[in-house]
Amino acid sequence: MELGEVLRDRRKAAGRTIASVAVDAGLSVPYIANLENGRGNPTLSALDRLATALGARLEVRVGDEEPPVSPSVGAALLAGSDRADGVVRTLAGGRSRAATRRQLVATLDSLGDLLGRPPTPADLSRLLDLLQLA
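Predicted model, so just to flag it, every value in this text is computed and none were measured.

Caption draft 1: Seen up close, the overall build of the protein. The number of helices and strands found in the protein is eight helices and zero strands. Helices and strands in the protein line up, N terminus first, as α-α-α-α-α-α-α-α. For the protein, the spread of C-alpha atoms along the principal axes amounts to about 45 × 35 × 25 Å. Classification of the 134 residues of the protein by burial places 28% in the buried group.

Put into structure tokens, the structure is as follows:
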């Protein structure tokens, strides 16, 4: 996934405008708009400020090997749920379904952290119920 797409998806997922992120990050609106559109060469400092403004953490890695991917219980639950596809379609609205699905996976994984146990299919069902009511 490209940097601009990641920034735009995170910003939209948070319901933020470019202007509000720019204020929080101490950057200009055109600068952020250019990054979201795949233009520009951001500094690490600017990326760190953007990540903080978007409630994320910047990770920088130099190496030949990919970091180990920890299995996502949320992703596995969604993959096995026909109902989740319909809810993702409904929730996506003007956003991409892939971004909405990623957010739902992250929510499920966070729910597991909060519960102190992996989420179950019943937890997914309850979450989907809540999202459809919203």
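Let us keep going from here.
Caption draft 2: Region of interest: the nonpolar core. Grouped together as the largest cluster of nonpolar side chains are 12 residues: Leu7, Ile18, Val21, Ala22, Ala25, Leu27, Ile32, Leu35, Ala46, Leu50, Ala53 and Leu54. Listed by contribution, the elements that provide at least two residues to this core are helix 2 (18-25), helix 3 (29-36) and helix 4 (44-53). With four residues, helix 2 is the largest single contributor of residues to this core. Leaving out residues up to four positions away in the same chain, Ala46 has contacts with Leu27 and Tyr31. Core analysis: the next-biggest nonpolar cluster, separate from the first, contains 11 residues, Leu78, Leu104, Leu124 and Leu128 among them.

Caption draft 3: Representation of the side chain of Asp123 in the model. For Asp123, the location among the structural elements is in helix 8 (residues 121-133). Those residues in contact with Asp123 that sit more than four places away from it in its chain are Leu111, Leu115, Arg117 and Pro118.

Caption draft 4: Seen up close, helix 4. What helix 4 keeps buried is the set Ala46, Leu47, Leu50, Ala51 and Ala53. In a view along the axis of helix 4, the buried residues occupy a sector of 165 degrees, so they form one face of it. Along helix 4, the residues that are exposed and aim more than 90 degrees away from the buried face are Leu44 and Thr52. The first or second residue beyond helix 4 is Gly55, which carries a positive phi of 70 degrees.

Caption draft 5: Inspection of the environment of Thr120 at higher detail. Checked against the element boundaries, Thr120 lands in the loop between helix 7 (97-115) and helix 8. Along the primary structure Thr120 and Gly15 are separated by 105 residues, whereas in three dimensions their C-alpha atoms are 28 Å apart.

Caption draft 6: How the structure looks around the pattern of salt bridges. Within the structure shown, the criterion is met by nine salt bridges. Among the salt bridges present, the one from Asp9 reaches Arg102, with a minimum N-O distance of 2.7 Å. With a gap of 93 residues between them, Asp9 in helix 1 (residues 3-13) and Arg102 in helix 7 connect regions that are remote in the sequence. Here Arg101 and Asp85 are joined by a salt bridge, their closest N and O atoms 2.2 Å apart. Of the two residues, Arg101 sits in helix 7 while Asp85 sits in helix 6 (residues 82-92), which places them 16 residues apart along the sequence. Using a relative accessible area of 26% as the deciding quantity, one classes Arg101 as partly exposed. You can call Asp85 partly exposed: its relative accessible area is 33%. Linked through salt bridges whose partners overlap, the residues forming this network are Arg8, Arg11 and Glu36.

Caption draft 7: The arrangement of the environment of Ile18 in detail. Structurally, Ile18 can be placed in helix 2. Ile18 sits 76 residues away from Gly94 along the chain, and the two C-alpha atoms are 16 Å apart. Each residue touching Ile18, except ones within four places of it in the same chain, is listed here: Arg11, Val29, Ile32, Ala33 and Glu36.

Analysis parameters
- Residues numbered from 1 in each chain as written.
- Predicted model: local features only at pLDDT ≥ 70, side-chain atom pairs only at ≥ 80, totals over all residues.
- Heavy atoms only, no water.
- Helix = DSSP H or I, 4+ residues; strand = E, 2+ residues; numbered from the N terminus.
- Buried < 20%, exposed > 50% of the residue type's maximum accessible area, 1.4 Å probe, protein only.
- Core = buried A, V, L, I, M, F, W, Y, C linked by side-chain atoms within 4.5 Å.
- Contact = heavy atoms within 4.5 Å.
- Arc of directions from axis to C-beta.
- Salt bridge = Lys/Arg side-chain N within 4 Å of Asp/Glu carboxyl O.

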